[in-house]
Amino acid sequence: MLDMFEKLFPILFLVVVAGGIALVMLIVSRILGKRSRGEARNEPYESGMPIKGDTKERIPVKFYMVAILFIIFDIEVIFLFPWAMVSDRLGLFGFIEMLVFVVILMVGYFYILGKGALKWD
């Protein structure tokens with residue numbers, strides 16, 4: 001029982017500290033925050049500024065394509081960090097394996113460049 005408590009105590013401590021910080025932030029923002037009751041407050045997508053144009057305007061598909069491509073390449077680049085941490089222990093095999101990974105990334109990048117997915121016309 002004591003061994004289990006020692007293993008789970010850091011997680012419990014993290015949850016309590018994170019919850020405490022969140023609670024303090026909520027209380028302080030409630031006390032110090034500015035309260036406005038303007039006309040823009042009741043508008044959709046309220047940001048305190050008057051709306052320009054129609055709120056039901058369609059967003060181009062290119063926007064979503066660039067966002068998806070960013071997420072895909074961002075997640076793939078995240079794989080480089082663990083490799084960099086252990087690259088000295090992986091030796092030549094690990095280097096070649098990561099080189100293949102980066103080449104595949106570059107092929108995909110140049111493919112989407114060739115298709116014009118990143119052009120904003």
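Residues numbered from 1 in each chain as written. Predicted model: local features only at pLDDT ≥ 70, side-chain atom pairs only at ≥ 80, totals over all residues. Heavy atoms only, no water.

Caption draft 1: Representation of the overall build of the protein chain in the model. When you go through the protein chain residue by residue, the secondary structure sums to 3 helices and 0 strands. Written out in order from the N terminus, the α and β elements of the protein chain read α-α-α. A burial count over the protein chain gives 7% of its 121 residues as buried. Considering only contacts within the protein chain whose residues lie at least 6 apart along the sequence, 49% involve residues at least 24 apart. Taken as a whole, the protein chain presents about 11300 Å² of accessible surface, with 72% of it coming from carbon and sulfur. (Helix = DSSP H or I, 4+ residues; strand = E, 2+ residues; numbered from the N terminus. Buried < 20%, exposed > 50% of the residue type's maximum accessible area, 1.4 Å probe, protein only. Contact = heavy atoms within 4.5 Å. Areas by Shrake-Rupley, 256 points an atom, 1.4 Å probe, with all protein chains shown as cover.)

Caption draft 2: The pattern of salt bridges, seen in detail. Throughout the structure, instances matching the rule amount to 1 salt bridge. When the shortest N-O distance is used, the salt bridge between lysine 7 and aspartate 3 registers 3.8 Å. Of the two residues, lysine 7 and aspartate 3 both sit in helix H1 (residues 2-32), 4 residues apart, roughly one turn of that helix. (Salt bridge = Lys/Arg side-chain N within 4 Å of Asp/Glu carboxyl O.)

Caption draft 3: Seen up close, H1. For H1, which comprises 31 residues, the first-to-last C-alpha distance of 43 Å matches the rise-based estimate of 45 Å (1.5 Å per residue) to within 8%. At leucine 8, H1 shows its largest kink, close to 40 degrees, and the proline proline 10 lies no more than four residues downstream. (Expected span 1.5 Å × (residues − 1). Bend = angle between axes of the 7 residues up to and from the residue.)

Caption draft 4: Region of the structure containing the packing of aromatic side chains. In the structure shown here, the tally under the stated rule is 6 aromatic pairs. Ring geometry for phenylalanine 5 versus phenylalanine 9: centroids 5.6 Å apart, planes at 45 degrees, classification tilted. Of this pair, phenylalanine 5 and phenylalanine 9 both sit in helix H1, 4 residues apart, which is roughly one turn of the helix. Of the residues examined, phenylalanine 5 reaches a relative accessible area of 48% and is grouped as partly exposed. A ring pair is formed by phenylalanine 79 and phenylalanine 101, whose centres lie 6.3 Å apart and whose planes are at 85 degrees; its orientation type is edge-to-face. With phenylalanine 79 in the loop between helix H2 (61-78) and helix H3 (80-115) and phenylalanine 101 in helix H3, the pair connects residues that are 22 residues apart, well separated along the chain. Taking relative accessible area as the criterion, phenylalanine 101 reaches 24% and is therefore assigned partly exposed. (Phe/Tyr/Trp six-rings, centres within 6.5 Å; stacked < 30°, edge-to-face > 60°.)

Caption draft 5: Structural detail: the confidence of the model for the protein chain. Taken as a whole, the protein chain shows an average pLDDT of 83; of its residues, 86% reach a score of 70 or greater. Of all the helices and strands in the protein chain, H2 carries the lowest mean pLDDT, 83, while H1 carries the highest, 92. (pLDDT = per-residue confidence, 0-100.)

Caption draft 6: Region of interest: a nonpolar patch on the surface. Taken together, the side chains of Leu2, Phe5, Phe9, Leu12, Phe13, Val16, Val17, Ile21 and Met25 define a hydrophobic patch exposed on the protein surface, amounting to about 930 Å² of accessible area. Looking at the element boundaries, leucine 2 is found in helix H1. (Patch = residues over 30% accessible without salt bridge, like charges linked within 9 Å, V, L, I, M, F, W, Y side chains within 5 Å.)

Caption draft 7: Summary view of the environment of phenylalanine 73. Here phenylalanine 73 lies in helix H2. With 35 residues separating them along the chain, phenylalanine 73 and glycine 108 place their C-alpha atoms 9.3 Å apart. Apart from the residues within four sequence positions on either side, phenylalanine 73 is in contact with Leu105, Gly108, Tyr109 and Ile112.

Caption draft 8: Quick look at the packing of H2 against H3. Contact pair H2 / H3: the axes reach a minimum separation of 10 Å and the direction vectors enclose 160 degrees. Put simply, H2 runs roughly antiparallel to H3. Read as a crossing pair, H2 and H3 show a hand that is left-handed. In contact with Leu69, Phe73, Glu76, Val77 and Ile78 of H2, H3 contributes Leu80, Phe81, Pro82, Phe101, Leu105, Gly108, Tyr109 and Ile112. Along the lines of polarity and charge, the residues of the contact of H2 with H3 split into 11 nonpolar, 1 polar and 1 charged. (Axes fitted to C-alpha atoms, helices over the stretch in contact; angles between N-to-C directions. Parallel < 35°, antiparallel > 145°, perpendicular 65-115°, else oblique. Left-handed = near helix turned anticlockwise from the far one by under 90°. Nonpolar A, V, L, I, M, F, W, Y, C, P; charged D, E, K, R; others polar.)

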